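Per-entry structural report
Chain residues, written in single-letter form:
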Number of protein chains: 4
Amino acid sequence: MNYASPAGPISESTFRVRYAETDAMGIVHHSRYLPWFEIGRTDWMRQAGLTYAEFEAMGFYLTVVEAGIRYQKPARYDDLVTVRTWLAEVRSRGLRIDYEVVGAQGDVLVTGFTRHICITHDGTPVRLPEVLVQTLERYNV
Amino acid sequence: MNYASPAGPISESTFRVRYAETDAMGIVHHSRYLPWFEIGRTDWMRQAGLTYAEFEAMGFYLTVVEAGIRYQKPARYDDLVTVRTWLAEVRSRGLRIDYEVVGAQGDVLVTGFTRHICITHDGTPVRLPEVLVQTLERYNV
Amino acid sequence: MNYASPAGPISESTFRVRYAETDAMGIVHHSRYLPWFEIGRTDWMRQAGLTYAEFEAMGFYLTVVEAGIRYQKPARYDDLVTVRTWLAEVRSRGLRIDYEVVGAQGDVLVTGFTRHICITHDGTPVRLPEVLVQTLERYNV
Amino acid sequence: MNYASPAGPISESTFRVRYAETDAMGIVHHSRYLPWFEIGRTDWMRQAGLTYAEFEAMGFYLTVVEAGIRYQKPARYDDLVTVRTWLAEVRSRGLRIDYEVVGAQGDVLVTGFTRHICITHDGTPVRLPEVLVQTLERYNV
């Protein structure tokens, strides 16, 4: 599980930790970073010029086939955190996105990745549609 | 916000509190009882003879239009809790379900209700379908 | 369950709906509004001049003893929503906060309230501490 | 990210998918498997003879430092799923647990692992306490 160094453009999504995201250890529950990664790739795609909502409305999903997360430091309620997101790899049928969650001082809290393949709404795997490939090529230079 | 005394059959759903359901206060987060109520009504409908999954597959949803919850005692990680569920009211276009969450000693932790109306999958409100009304009448005596 | 018309200052918290907040109906799951209300009161208290994190660090919790929610219109993934929050009632031992979730066009999606009492970290109910009462009096005029 | 073949005892935790665990794709949201893994290790430890709640009450946490998940098939609302859990590795300061989520027909839906280190409640990393090591040695043969 290696995290690539960011090559292309990086999006930054900043928000405060919700109380509902903490657990009895007093810190953010480890499952809660996956929804944060999702915020990250939503923002990355919006910046790239094709929102995931639009992409979905075209009849596709970028379904998650693998995820990996390394936890270095905890985040706590009301902390200001930033998810840094970049495209790590593109293939004909899928892509990998990498993430870094940093605290207000810029210290790395969590790193991770998600791998996706493209499927239609009935679940059939397909090649990445041209509209997505072009968006990625135009943006991720 | 009154909770009716149970009249008809009561279902009981028993499970352990998940760590992910706790918050930094060391107790179950107050939002987590709504998914528990949902477990309760899933079990109640299964007992009544028509699962909600089947009902949904027929083209309907029982969408939630109102919910109320009173918190009396906290639940904690690994506690064995039971959701007691009963049908409180049926009208031509909707119904109300009441809930009680009790601890392992039978002490009441939380009470609540949800009101539902029936809609089709495109969001149109409709009367409760005959299949549901008959199921409720047959069961809730 | 009545929702008071806002009297004092109203905070507005705006954010996008996360994919993880949706359910198989394609809309935001009804339990997800309680964490949004929590964002609302976090922001309201910050505006009032005493963050809830600071208040908690003083040894107190504003624990939720009751919640009520009315669902009028659904919110969907990537929608821009705003939680409007105001103080509805203050008593010696507790308070009520009211909320309105509105969509990007200002249409009301959900209304609700939470009632809170003040407890110490070991769970003992206490009067609202002077620091909180003064903050509320200074702000909520 | 390799998943070891189970060597020692395997616990099985069976439950139904909650509606609140689904997302707008109509399937279980990919973040929801981490809380399921947590149910798995809670049950595994209970079977081993030391509940995680007891272990925590002794002043320790097994905090998650890494997690990996591979998604093979989706789970849906009301599906009966089983989390199979086993101890994959023990070291002086940590351990790895592996998981397999299977459907009602025994088909593998998801595989994954979590790595943990032992810390005290103030966050200091420590060697696995004797009580835990002995429990694991006695059980995991």
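Below is a short write-up of the structure. Every value quoted in this text rests on a predicted model; they were computed, and no experiment measured them. (Residues numbered from 1 in each chain as written. Chains lettered and ligands numbered in written order. Predicted model: local features only at pLDDT ≥ 70, side-chain atom pairs only at ≥ 80, totals over all residues. Heavy atoms only, no water.)

**So, the packing of helix α1 (residues 33–48) of chain D against helix α3 (residues 130–139) of chain D**
Residue and element names in this part refer to chain D. Two numbers describe how α1 lies on α3: the axes approach to 9 Å, and their chain directions differ by 80°. On the basis of their axis angle, the class for α1 and α3 is roughly perpendicular. Along the contact surface, α1 presents W44, M45, Q47 and A48, while α3 presents L132, T135, L136 and Y139. Across the contact of α1 with α3, the residue classes break down as six nonpolar, two polar and no charged. (Axes fitted to C-alpha atoms, helices over the stretch in contact; angles between N-to-C directions. Helix = DSSP H or I, 4+ residues; strand = E, 2+ residues; numbered from the N terminus. Parallel < 35°, antiparallel > 145°, perpendicular 65-115°, else oblique. Contact = heavy atoms within 4.5 Å. Nonpolar A, V, L, I, M, F, W, Y, C, P; charged D, E, K, R; others polar.)

**Considering the nonpolar core**
The nonpolar side chains of soluble globular proteins are, as a tendency, buried together. With 81 residues, the main nonpolar core has W36 of chain B together with W36 of chain C as its most contacted residues. Sequence-distant contacts of W36 of chain C, defined by excluding residues within four places in its chain, comprise R18 of chain A together with F15, V17, E21, V28, A75, V81, V83 and V101 of chain C. Among the nonpolar cores identified, the runner-up in size contains 80 residues, and V64, A67 and Y71 of chain A together with L128 of chain D belong to it. (Core = buried A, V, L, I, M, F, W, Y, C linked by side-chain atoms within 4.5 Å. Buried < 20%, exposed > 50% of the residue type's maximum accessible area, 1.4 Å probe, protein only.)

**Brief notes about the pattern of salt bridges**
Scanning all chains against the criterion turns up 50 salt bridges over all chains. Where E12 of chain A meets R84 of chain A, a salt bridge forms, and the shortest distance between an N and an O atom there is 3.0 Å. Of this pair, E12 of chain A sits in strand β1 (residues 11–16) while R84 of chain A sits in strand β3 (residues 80–90), and the two are 72 residues apart along the sequence. Salt-bridge contacts for R96 of chain B lead to D98 of chain B; the nearest nitrogen and oxygen are separated by 2.8 Å. The exposure classification of R96 of chain B matches that of D98 of chain B, with both residues buried. In this structure, a network of salt bridges that share partners links the residues E66, E89, R91 and R115 of chain A together with R70 of chain D. (Salt bridge = Lys/Arg side-chain N within 4 Å of Asp/Glu carboxyl O.)

**Some details on unusual backbone geometry**
Residue and element names in this part refer to chain B. We note that D78 has phi near 75°; this positive angle belongs to a residue other than glycine. As for its position among the elements, D78 is in the loop between β2 (60–71) and β3 (80–90). Note on D78: relative accessible area 9%, which makes it buried.

**Describing the relation of the copies chain C and chain D**
Note on the copies: chain C fits chain D at an RMSD of 0.0 Å, the axial shift is 0.0 Å, and the rotation between them is 180°. These values place the two chain copies in the arrangement generated by a two-fold rotation axis. Residue D23 of chain C, judged by its C-alpha, is the member of chain C lying nearest the rotation axis, at 1.9 Å. A shared binding surface is used by both copies, with 100% of the interface residues of chain C retained as interface residues in chain D. (Least-squares fit on C-alpha atoms with pLDDT ≥ 70 in both.)

**Some remarks on the pairing of strand β5 (residues 108–120) of chain C**
Residue and element names in this part refer to chain C. Burial within β5 is extensive, with 10 of its 13 residues counted as buried. The sheet contact formed by strand β2 (residues 60–71) and β5 spans 11 bridges and is antiparallel. If you follow G68 over to β5, its bridge partner there is F113. By the bridge criterion, nine bridges tie strand β4 (residues 94–102) to β5 in an arrangement that is antiparallel. Across the sheet, V102 pairs through a bridge with V108, a residue of β5. Here β4 folds back onto β5 in antiparallel fashion, the turn holding five residues, of which G106 has a positive phi close to 85°. As defined by bridge partners, β5 adjoins strand β6 (residues 125–126) across two bridges and the pair is classed as antiparallel. (Pairing = 2+ DSSP bridges.)

**Side note on the interface of chain C and chain B**
Accessible area lost upon the coming together of the parts is a frequently used measure of interface size. On the side of chain B, 21 residues touch chain C, which itself brings 21 residues to the contact. Its largest share of buried area at the contact with chain B, chain C owes to M25, H30 and Y71 of chain C, together 28% of the area lost on that side. Put simply, chain C and chain B have two salt bridges between them. The salt bridge partner of E66 of chain B is R70 of chain C, with a shortest N-O separation of 3.9 Å. Summed over the shared surface of chain C and chain B, the number is six residue pairs in polar contact (both at pLDDT 80 or more). Those elements that place two or more of their residues in the side of chain C that touches chain B are α1 (33–48) and β2 of chain C. (Buried area = accessible area lost by both parts, 1.4 Å probe. Polar contact = N/O pair within 3.5 Å; in protein donor to acceptor, adjacent residues only side chain to side chain.)

**Quick look at empty space enclosed by the protein**
For the structure on display, the rule yields five cavities of 30 Å³ or more. Empty space within the largest cavity amounts to approximately 430 Å³. Among the elements of the structure, α1 (33–48) of chain A together with α1 of chain C are those that each provide at least two residues to the lining of the largest cavity. Taken together, the residues that form the lining of the largest cavity break down as 10 nonpolar, six polar and 12 charged. (1 Å grid on protein atoms, 1.4 Å probe; cavity = no way out; pocket = protein on both sides within 12 Å on 5 of 7 lines; lining within 4 Å. Points joined across faces, edges and corners; volume = space filled by probe spheres on them.)

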